[in-house]
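The chain contents come next:
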Amino acid sequence: MYAVIRHYRIDKRHNNEIDQKIRDSFTQIIEKAPGFVSYHWVNSGDGNASSISVFEDKAQAQDSNRLAAKFVKETLSKLGVGSPIINEGIVQAHTERVARSRQGKDWSANQYSPPI
């Protein structure tokens, strides 16, 4: 697996609208990309946000950068989302817990409490 982490500076006045556009539109785009494994959007609420995209190989992950750049330019730039700083590499370790009750993709709608 290969991961790309994109760090963005965003206009925090538009946090909710940016988050919604990513949930409603970009996730639909990226999950159709060849080699897609997972996508995560993290908005700290203070003008910083990051995305983590995981793909089967490097070329597929790098193609996701083009998808993200196009989406930012066409949809998010007018909301104060700038070009990202990109970090990428081979996933060296991975683990996850998938809850049985997790039915949808919108984690914001779920009452998920990570173990302590």
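Note: the structure precedes this text.
Let us look at the structure shown here.

Rules used in this analysis
Residues numbered from 1 in each chain as written. Predicted model: local features only at pLDDT ≥ 70, side-chain atom pairs only at ≥ 80, totals over all residues. Heavy atoms only, no water. Core = buried A, V, L, I, M, F, W, Y, C linked by side-chain atoms within 4.5 Å. Buried < 20%, exposed > 50% of the residue type's maximum accessible area, 1.4 Å probe, protein only. Helix = DSSP H or I, 4+ residues; strand = E, 2+ residues; numbered from the N terminus. Contact = heavy atoms within 4.5 Å. Phe/Tyr/Trp six-rings, centres within 6.5 Å; stacked < 30°, edge-to-face > 60°. Salt bridge = Lys/Arg side-chain N within 4 Å of Asp/Glu carboxyl O.

Here's the deal with the nonpolar core
By size, the foremost hydrophobic cluster in this structure holds 19 residues, and its most contacted members are Tyr-8, Ile-10, Ile-18, Ile-22, Phe-26, Leu-76 and Val-81. The element best represented in this core is helix 2 (residues 58–76), accounting for five residues. In contact with Phe-26, other than residues within four places in its own chain, are Arg-6, Lys-21, Tyr-39, Leu-67, Ala-68 and Phe-71.

Focus: the packing of aromatic side chains
Within the structure shown, the criterion is met by four aromatic pairs. Judged by centre distance (5.2 Å) and plane angle (45°), the rings of Phe-26 and Phe-71 are tilted. Here Phe-26, found in helix 1 (residues 15–30), pairs with Phe-71, found in helix 2; they are 45 residues apart in sequence, far enough to count as distant. On the basis of relative accessibility, which here comes to 8%, the residue Phe-71 falls in the buried class. Relative to Phe-55, the ring of Phe-36 has its centre 5.9 Å away and its plane inclined at 75°; by these criteria the two rings are edge-to-face. With Phe-36 in strand 2 (residues 36–43) and Phe-55 in strand 3 (residues 48–55), this residue pair connects regions lying 19 residues apart in the sequence. Phe-55 gets classed as buried once you look at its relative accessible area, which sits at 0%. Pairwise contacts between aromatic rings join Phe-26, Tyr-39 and Phe-71 into one cluster.

Comments concerning the pattern of salt bridges
Per the stated rule, a full pass over the model turns up two salt bridges. A salt bridge links Arg-13 to Asp-11, with the nearest nitrogen and oxygen atoms 2.5 Å apart.

By themselves these figures say nothing about function.
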